[in-house]
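Chains, contacts and geometry: an overview
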Amino acid sequence: MKNNSLKSTLKGTLKGTMGMAAVVATMSIGAGAAFAETDLDKELIVNGETKIVTRAPAPSHMDGLDEVFSGWIFRKDETQEAQMDDFDNPGMIFVDIAQDAWNAVDGTEGKSCASCHGTVEESMAGVKATYPKWREEAGGVRSIDMEINNCRTERMGAEPWKLTKSKMTAMNALITVQSRGMPVNVAIDGKAAAMWERGKEMYYTKTGQLEMSCANCHEDNYDNYIRADHLSQGQINGFPVYRLKNAKLNSVQARFKGCVRDTRAQTYKPGSEDFLALELYVASRGNGLSVEGPSIRN
């Protein structure tokens, strides 16, 4: 019995060690080879009229990179092309669904989003480009999803939506489209600074059984391959994202949860201050790129 237990323990330990080694080795194999194959200057123009900035000088608050790139740059040709036309972009189906929800009365106050905000095209233009942001009246940093639920509960008398479910993600996408092509410009100074520093610390802290940080993949190894995945810089200017892997629209915090899980760490809860801080920091890494969502990724 003891020998069998010992063998199982050693086998599990060896398997875990080999798994970590495989991850490192896979990244190393891709180093240097993938970069030459990627067209960093390829242009993204949506519907033949909206030019999306997919390559820009890194913001001054970033130390590890000279340039920032949209994740679109690192996708296959057919995925890139699908995002160039809203008719071919499956994420736009959710935008259409949210347009109906924008005009629909919900809650005890007999109001819709349009009751207070009017047309989404006018009232939400430029909003996504600056979020997350410090809101003085709220006394803290707020994400767009938090603002949506605040409107629902405080103004409409409606039930809050779950942060990573389809109704919330679709409404976020509708709001995002109104800023598409505008430069990301997330403020990190003033009262938002403490939350931003917290997010930065999380980004560079190694966690989980694989002892990996966000930076290990998205700063140290972007444009390399880990197994079959072509790593990007992990920019979130394209969120919400329609992922081919799960055939649905995904929120940024749902993706954070998946990434943390992949390091074999205990993940944070969407809507937590931890993920809000991380969202603020990662969004600011994309300052200068265009708001792009809903985008298409693997």
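Coordinates for the structure precede this section.
Residues numbered from 1 in each chain as written. Predicted model: local features only at pLDDT ≥ 70, side-chain atom pairs only at ≥ 80, totals over all residues. Heavy atoms only, no water.

Structural notes on the pattern of salt bridges
For the coordinates displayed, the defined rule picks out 13 salt bridges. Asp 106 is the salt-bridge partner of Arg 152, the closest N and O atoms lying 2.8 Å from each other. Separated by 46 residues along the polypeptide, Arg 152 in helix H6 (residues 144-155) and Asp 106 in the loop between helix H3 (91-103) and helix H4 (113-117) bring together distant segments of the chain. A salt bridge links Glu 219 to Arg 285, with the nearest nitrogen and oxygen atoms 2.9 Å apart. Here Glu 219, found in the loop between helix H9 (214-218) and strand S7 (225-226), pairs with Arg 285, found in helix H11 (residues 273-285); they are 66 residues apart in sequence, far enough to count as distant. For the pair shown, Glu 219 and Arg 285 are each scored as buried. (Salt bridge = Lys/Arg side-chain N within 4 Å of Asp/Glu carboxyl O. Helix = DSSP H or I, 4+ residues; strand = E, 2+ residues; numbered from the N terminus. Buried < 20%, exposed > 50% of the residue type's maximum accessible area, 1.4 Å probe, protein only.)

A word on H6
The terminal C-alpha atoms of H6, which comprises 12 residues, lie 16 Å apart, in line with the 16 Å expected from a rise of 1.5 Å per residue. The set of residues buried in H6 consists of Ile 144, Asp 145, Glu 147, Ile 148, Asn 149, Cys 151 and Arg 152. Those residues of H6 hidden inside the fold are in contact with H4, strand S5 (133-135), strand S6 (140-142) and helix H7 (166-177). Immediately beyond the C-terminal end of H6, within one or two residues, lies Gly 157, with a positive phi of roughly 65 degrees. (Expected span 1.5 Å × (residues − 1). Contact = heavy atoms within 4.5 Å.)

Things to note about the side chain of His 230
Relative to the helices and strands, His 230 resides in strand S8 (residues 229-230). On the accessibility criterion, His 230 (10% relative accessible area) is buried. Of the polar contacts made by the side chain of His 230, one reaches the side chain of Asp 223; its length is 2.5 Å. (Polar contact = N/O pair within 3.5 Å; in protein donor to acceptor, adjacent residues only side chain to side chain.)

Here's the deal with a positive patch on the surface
Where like charges cluster on the molecular surface, the positive patch consists of Lys 162, Lys 165, Lys 245, Lys 248, Lys 257 and Arg 261. Tracing the backbone shows Arg 261 in helix H10 (residues 252-262). For Arg 261, a relative accessible area of 52% corresponds to the exposed category. (Patch = residues over 30% accessible without salt bridge, like charges linked within 9 Å, V, L, I, M, F, W, Y side chains within 5 Å. Areas by Shrake-Rupley, 256 points an atom, 1.4 Å probe, with all protein chains shown as cover. Lys, Arg positive; Asp, Glu negative; His and termini not counted. Charge placed at Lys NZ, Arg CZ, Asp CG, Glu CD.)

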